[in-house]
Amino acid sequence: MKRFVRGPEPAILSQKGPAWAADWERKRAANPSKPFRWPAVNKIPLNQHLLPQLKEQTQDHCSFCDQYPVSPPSKDTIEHFRPKSRFPAEAYAWANLYYCCDYCQRKGERYDEGLLRPDANDYEFQRYFRWDYTLGRIEVNERATPADQERARVTIELYGLNEGEHPSLRRRESRRRHREPDEPLDDFAYRHYLEP
Ligand SMILES: [Zn+2]
């Protein structure tokens, strides 16, 4: 999970976000299984307006696993860090929205207060994590405080950072980096794994 700096809130969210959130809260209270839909702005769904700025912040990489390109094979999606079903008031809060791949979206409605945000002021990879380069796995930094270790553990678990093909894809990307050392780092997935 690579740190990034969040840009200013888009004007559309400052202007209309609170009313959209209130509407979503009302609908959700009336019907708890009501599916979430982005409102249309100038006939285009809001997420399409927000994606360019979200993607720019992470150089088009998934905010959590750093997969690149996210789309294709995945879809371009926006993750509600605090799930929109459980925290409806934050469904349109800029700080709650992250560019995300399909795989990390499997976190779904799960949430834990210890989850790490890649754009938090005090977030640093080394504070919480370390790499196992042999296996291509992200691990908890055993030198961190017990509280920080727990935050790292829950982040790895909920975003599935060692599940599926992540470890083998990291190793593959590392081999490609050796073959193509002159390619820009942003053209690779798992940038933090490639630049120890
Ligand atoms: Zn991801």
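Definitions and limits used
- Residues numbered from 1 in each chain as written.
- Predicted model: local features only at pLDDT ≥ 70, side-chain atom pairs only at ≥ 80, totals over all residues.
- Heavy atoms only, no water.
- Helix = DSSP H or I, 4+ residues; strand = E, 2+ residues; numbered from the N terminus.
- Buried < 20%, exposed > 50% of the residue type's maximum accessible area, 1.4 Å probe, protein only.
- Contact = heavy atoms within 4.5 Å.
- Phe/Tyr/Trp six-rings, centres within 6.5 Å; stacked < 30°, edge-to-face > 60°.
- Pairing = 2+ DSSP bridges.
- Core = buried A, V, L, I, M, F, W, Y, C linked by side-chain atoms within 4.5 Å.
- Donors = N, O, S within 2.8 Å, 3.2 Å for Na, K, Ca; no water.
- Tetrahedral: all angles 85-135°; square planar, octahedral: opposite > 155°, others 65-115°.
- Patch = residues over 30% accessible without salt bridge, like charges linked within 9 Å, V, L, I, M, F, W, Y side chains within 5 Å.
- Areas by Shrake-Rupley, 256 points an atom, 1.4 Å probe, with all protein chains shown as cover.
- Salt bridge = Lys/Arg side-chain N within 4 Å of Asp/Glu carboxyl O.
- Lys, Arg positive; Asp, Glu negative; His and termini not counted.
- Charge placed at Lys NZ, Arg CZ, Asp CG, Glu CD.
- Expected span 1.5 Å × (residues − 1).
- Bend = angle between axes of the 7 residues up to and from the residue.

K.L.:
Give me the side chain of Asn 141: which residues, what numbers.
P.N.:
Along the chain, the position of Asn 141 falls in the loop between strand 6 (137-140) and helix 5 (146-158). In this structure Asn 141 comes out as buried when scored by relative accessible area, which is 14%. Filtering out sequence-adjacent residues up to four positions away, Asn 141 remains in contact with Gln 126, Arg 127, Tyr 128, Phe 129, Arg 130 and Gln 149.

K.L.:
How would you sum up the packing of aromatic side chains? Please name residues and give values.
P.N.:
A complete count under the given rule lists 18 aromatic pairs for this structure. The interplanar angle of 85 degrees and the centroid separation of 5.1 Å between the aromatic rings of Trp 24 and Phe 36 together place this pair among those described as edge-to-face. Placement of Trp 24 in helix 1 (residues 11-30) and of Phe 36 in the loop between helix 1 and strand 1 (40-41) is noted, with a sequence separation of 12 residues between them. Comparing Trp 24 with Phe 36 shows no difference in burial state: the two are buried. Where Phe 81 meets Tyr 111, the ring centres are 6.0 Å apart and the plane angle is 80 degrees; that geometry is what we call edge-to-face. Taken together, the residues Phe 81 in the loop between strand 3 (77-80) and strand 4 (97-100) and Tyr 111 in the loop between helix 3 (102-105) and helix 4 (125-128) connect sequence positions 30 residues apart.

K.L.:
Tell me about the pairing of strand 6, and please be specific about residues and values.
P.N.:
When strand 5 (residues 129-132) meets strand 6, the two strands line up antiparallel, connected through 4 bridges. Among the inter-strand pairings, Phe 129 is bridged to a residue of strand 6, identified as Val 140. Following strand 5, the chain reverses through 4 residues before pairing antiparallel with strand 6; Gly 136 in that reversal takes a positive phi of roughly 75 degrees.

K.L.:
Mind laying out the nonpolar core, listing which residues take part and the relevant values?
P.N.:
Ranked by size, the top nonpolar core spans 53 residues in total, and within it Leu 46, Leu 50, Phe 64, Tyr 92 and Phe 129 carry the most contacts. Counting only elements with at least two residues in this core, the list comes to helix 1, helix 2 (46-57), strand 4, helix 4, strand 5, strand 6, helix 5 and helix 7 (191-194). Element by element, the count of residues in this core is highest for helix 1, at 5 residues. In this structure Tyr 92 touches Leu 13, Gly 17, Trp 20, Ala 21, Trp 24, Phe 36, Arg 37, Trp 38, Pro 39 and Leu 46, once residues within four positions along its chain are discounted.

K.L.:
Let's hear about the coordination of the zinc ion: which residues, and what values?
P.N.:
Coordination of the zinc ion by the protein is provided by Cys 62 (SG), Cys 65 (SG), Cys 101 (SG) and Cys 104 (SG), with metal-donor distances spanning 2.3 to 2.4 Å. Every donor counted, the 4 donor atoms about the zinc ion form angles of 105 to 114 degrees at the centre, which fits tetrahedral coordination. Between consecutive donors of the zinc ion, the numbers of intervening residues give the motif C-x2-C-x35-C-x2-C. Here the residue Cys 65 occupies a position in the loop between helix 2 and strand 3, and Cys 104 occupies one in helix 3, the gap between them amounting to 39 residues. Each member of the pair, Cys 65 together with Cys 104, is buried.

K.L.:
I'd love a proper account of a positive patch on the surface, names of residues and values included.
P.N.:
Taken together, the side chains of Arg 171, Arg 172, Arg 175 and Arg 179 present a region of like positive charge at the surface. Residue placement: Arg 179 occurs in helix 6 (residues 166-179). Among the residues examined, Arg 179 registers a relative accessible area of 59% and is labelled exposed.

K.L.:
Mind laying out helix 2, listing which residues take part and the relevant values?
P.N.:
Its 12 residues place the ends of helix 2 18 Å apart at the C-alpha level, agreeing with the 16 Å of an ideal helix rising 1.5 Å per residue. Buried residues belonging to helix 2 abut helix 1, strand 1, strand 2 (44-45), strand 3 and strand 4. One or two steps after helix 2, the chain reaches Gln 59, where phi turns positive at roughly 50 degrees.

K.L.:
Please give an account of helix 1 that cites residues and values.
P.N.:
With 20 residues, helix 1 ought to run about 28 Å at 1.5 Å a step, and its terminal C-alpha atoms sit 29 Å apart, in line with that. Of all the bends found along helix 1, the most pronounced is centred on Gly 17 and spans about 50 degrees, while Pro 18, a proline, follows it within four residues. Looking only at helix 1, the buried set comprises Ile 12, Leu 13, Gly 17, Trp 20, Ala 21 and Trp 24. Buried residues along helix 1 sit in contact with strand 1, helix 2 and strand 4.

The analysis is restricted to geometry; functional conclusions fall outside its scope.
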